[in-house]
Amino acid sequence: MTTNGHSGYPLKWFKDENVARNSFGCAFCLEVLKHPVRVRNCGHQFCALCIDDILKTDSRCPSCRIRISKTKVFKDYAARRLIKKLNVNCCNEGCSWVGKLHSLEKSHMKSCNVLVSKADDNTAKHLDVAKYEAKCCETLLLNVSTLEGLRGKEVKKPRKQMASLGTYTKLQPPTHIQTLERLRRNPIVTVALKIRNFTRKLRLAKSSNRYGRIDSKPFYTHHGYRMKISIYLNEGPRRPRGYKGYMGIYLCLMQGDHDNRLKWPFDKRVTFIVVDQQNSKSKVDNFEITMIPEGQKEFNRPLVGKNEGLGNPQFMLHSTLRTREYVRNHNVYIAVAIEP
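In this text the structure is predicted, and so the values were computed from the model without any measurement.

Chemist: Hey, could you run me through the pattern of salt bridges in this one?
Modeler: Evaluated as defined, the whole model comprises 7 salt bridges. Where Lys263 meets Asp267, a salt bridge forms, and the shortest distance between an N and an O atom there is 3.0 Å. For Lys263, a relative accessible area of 55% gives the class exposed. Here Lys297 makes a salt bridge to Glu298, at a shortest N to O gap of 3.3 Å. Overall, the relative accessible area of 61% leaves Lys297 in the exposed class.

As C-alpha cells, this is what we get:
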C-alpha cells in the first residue's frame with residue numbers, strides 16, 4: 001500500500017522509523033499520527049484529517065470494518081504527547097539538525113539555515129519557493145507560522161495560469177443579485193476549482209468503490225447562465241465497461257435570475273481544463289477537452305431547480321493525472337472556459 005498524501009508526519013523524518021511505524025502509525029495513511037484520534041469501540045488510531053475523510057466516505061473503520069461515528073472518536077492526547085517527544089531529523093535537505101518533533105515545529109523551523117537565509121543587511125528572506133519545494137515539499141504541510149508566507153506564494157502560481165486562460169473568478173455564490181449587464185462586461189469566464197488533498201480523496205473513492213463526487217458552488221457565466229460543475233474522481237463503480245480508471249466531469253445548468261432573457265437551449269462551447277502547475281510558463285501543457293452542446297435536453301432551460309448534468313465520464317485517465325504537474329502538493333486545479 002502507498003501513502004495517501006501525508007495526512008500524518010512523513011515516516012522518513014523519524015530517527016527510529018520502526019518505533020514510529022509500529023507504535024504510532026496511522027491505520028489509514030500509514031504515516032505517523034498527526035493530531036491523533038482513537039476509535040472508542042476498536043481502539044484503532046488515525047490522523048485527524050484521515051478520520052474526517054473516512055467518516056465522510058464510508059463511516060467504517062478501515063482496519064476492522066466496524067461501524068463508527070463522530071461520537072465514537074476521541075482525541076488521543078497521550079499518543080500526541082509521546083509522538084512530540086520522538087527524535088526526528090530536520091525535514092529540509094542539507095540540514096543536519098536532530099531533535100524532538102515538538103522542537104522542530106516550535107522553534108527549529110524558524111531558524112533552520114536551509115529554510116531561511118540571511119542577506120547582507122541581516123534581513124531574513126525566504127528561499128525561492130519552487131526550488132525549496134522540489135527539495136522538500138513535505139515542509140509545506142507543516143502547520144507552522146514560518147511557512148505561511150511560502151504557502152501564499154505557492155497559491156498565486158496556479159492563479160496566474162488561470163489568468164492566461166481567461167478571467168479568473170473564485171467559485172463563490174453571488175453575495176447580491178448581479179445584473180445581466182454587469183455579467184456581460186466580462187469577456188469570458190474561467191472558473192477555477194481547487195480540489196484539496198486530491199491524492200487521498202481519489203484513493204478513498206477507489207478503495208470504497210464510490211464515485212468520489214465533488215460539486216462546485218453555483219456560478220454565473222458572463223452571458224447570465226447559472227451552472228455548476230461536478231467531478232467524479234472515480235468512474236469505475238457501476239459504470240459501463242471501459243470507464244474504469246477515469247475521472248469524469250459534468251456541467252449542470254441551474255435556474256438563474258436571467259433565464260427569461262437568455263437563448264435556449266444553451267449552445268456555448270465549453271472547455272474543461274486541468275491546469276499543469278509547472279513553474280516554467282514555456283513548459284505548461286494544460287489538459288483540455290471541449291464539449292459542444294447539440295440541443296440535448298440537459299441544455300434546455302431548467303424548469304425546476306437544475307437539470308441533469310452532461311459531460312464526459314472518460315474525461316481524464318488516472319494514469320495521465322500522475323504525469324507532468326497536474327497534481328502538485330496533492331492539489332488539482334480544474335478550470336472551465338466558456339466561449340463568449
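Back to the text.
Chemist: Hey, could you run me through helix α3 (residues 77–84) in this one?
Modeler: Each turn of an α-helix holds 3.6 residues, which means side chains three or four residues apart point in the same direction. Taken together, the buried positions of α3 are occupied by Ala79, Ile83 and Lys84. Along the long axis of α3, the arc covered by the buried residues comes to 135°, so they all point the same way. Along its buried surface, α3 packs onto α1 (17–24), β2 (45–46), β5 (98–100) and α4 (101–111).

Chemist: Teacher, can you tell me more about the state of the cysteines here?
Modeler: Note: disulfide means a covalent bond formed between the sulfur atoms of two cysteine side chains. Using the criterion set out here, one finds 0 disulfides in the structure. Not part of a disulfide, Cys50 finds its nearest cysteine sulfur in Cys26, a span of 3.9 Å.

Chemist: Looking at this structure, I do not really get the sheet that holds β2. What am I missing?
Modeler: Backbone-to-backbone hydrogen bonds pair the strands of a sheet. The strands run either parallel or antiparallel. Taken in spatial order, the 3 strands make up an open sheet running β2-β1-β3, and their pairing is antiparallel. Strand pairing shows two members of the sheet lacking a second neighbour, β2 and β3 (73–75), which therefore form its edges. Here 3 bridges tie strand β1 (residues 37–39) to β3, and the two strands are oriented antiparallel to one another. When the sheet's bridge partners are listed, Val37 is paired in β3 with Lys75.

Chemist: Would you mind showing me how to read the side chain of Asn331 here?
Modeler: Residue position: Asn331 is located in the loop between α9 (318–321) and β17 (332–338). A relative accessible area of 14% places Asn331 in the buried class. In this structure Asn331 touches Lys194, Ile195, Arg196, Asn197, Gln277 and Tyr326, once residues within four positions along its chain are discounted.

Chemist: I would appreciate a short explanation of the packing of aromatic side chains in the present structure.
Modeler: For any pair of aromatic rings, geometry is given as the distance between the ring centres together with the angle between the planes. Under the defined criterion, the tally for this structure stands at 8 aromatic pairs. Ring centres of Tyr225 and Trp264 lie 5.2 Å apart, and the angle between their planes is 90°; on these two criteria the pair is classed as edge-to-face. Linking Tyr225 in the loop between β11 (219–220) and β12 (226–232) with Trp264 in the loop between β13 (246–254) and β14 (270–274), this pair joins segments that are 39 residues apart in sequence. Residue classification places Tyr225 among the buried residues on the basis of a relative accessible area of 3%. Among the aromatic residues, ring-to-ring pairing joins Tyr225, Trp264, Phe266 and Phe299 into one connected group.

Chemist: Sorry, what's going on with the environment of Ile195 here?
Modeler: Following the sequence through the fold, Ile195 ends up in strand β9 (residues 189–195). Distance in space between the C-alpha atoms of Ile195 and His330 is 8.6 Å, their sequence separation being 135 residues. Every residue in contact with Ile195, bar those within four places of it in the chain, is listed here: Lys201, Ile214, Ile231, Leu233, His330, Asn331, Val332 and Ile334.

Chemist: What's the story with empty space enclosed by the protein in this structure? I'm lost.
Modeler: Where empty space is left in the structure can be found by rolling a water-sized probe over the atoms. Scanning the entire structure with this criterion turns up 1 cavity of 30 Å³ or more. In this structure, the largest cavity occupies an estimated 50 Å³ of space. Every residue along the wall of the largest cavity is listed here: Tyr9, Leu33, Lys34, His35, Pro36, Arg80, Ile83, Lys84 and Leu101. Broken down by element, the residue count for the lining of the largest cavity peaks at 3 residues, all from α3. Residues belonging to the lining of the largest cavity are distributed by class as follows: 5 nonpolar, 1 polar and 3 charged.

Chemist: Would you explain the confidence of the model for the protein chain in this entry?
Modeler: Segments scoring low in pLDDT should not have their predicted coordinates read at a detailed level. Summing up the model confidence of the protein chain, the mean pLDDT is 75 and the portion of residues at 70 or higher is 73%. Within the protein chain, no element has a lower average pLDDT than strand β7 (residues 124–126), which sits at 35, and none a higher one than β13, at 94. Taken together, the stretch residues 1–5 has pLDDT below 50 and engages in 15 contacts with residues farther than four places along the chain or on a different chain. In this model, residues 159–178 is a region of pLDDT below 50 whose contacts with residues beyond four sequence positions or in other chains number 45 contacts.

Rules and cut-offs
Residues numbered from 1 in each chain as written. Predicted model: local features only at pLDDT ≥ 70, side-chain atom pairs only at ≥ 80, totals over all residues. Heavy atoms only, no water. Salt bridge = Lys/Arg side-chain N within 4 Å of Asp/Glu carboxyl O. Buried < 20%, exposed > 50% of the residue type's maximum accessible area, 1.4 Å probe, protein only. Helix = DSSP H or I, 4+ residues; strand = E, 2+ residues; numbered from the N terminus. Arc of directions from axis to C-beta. Contact = heavy atoms within 4.5 Å. Disulfide = S-S within 2.5 Å. Pairing = 2+ DSSP bridges. Phe/Tyr/Trp six-rings, centres within 6.5 Å; stacked < 30°, edge-to-face > 60°. 1 Å grid on protein atoms, 1.4 Å probe; cavity = no way out; pocket = protein on both sides within 12 Å on 5 of 7 lines; lining within 4 Å. Points joined across faces, edges and corners; volume = space filled by probe spheres on them. Nonpolar A, V, L, I, M, F, W, Y, C, P; charged D, E, K, R; others polar. pLDDT = per-residue confidence, 0-100.

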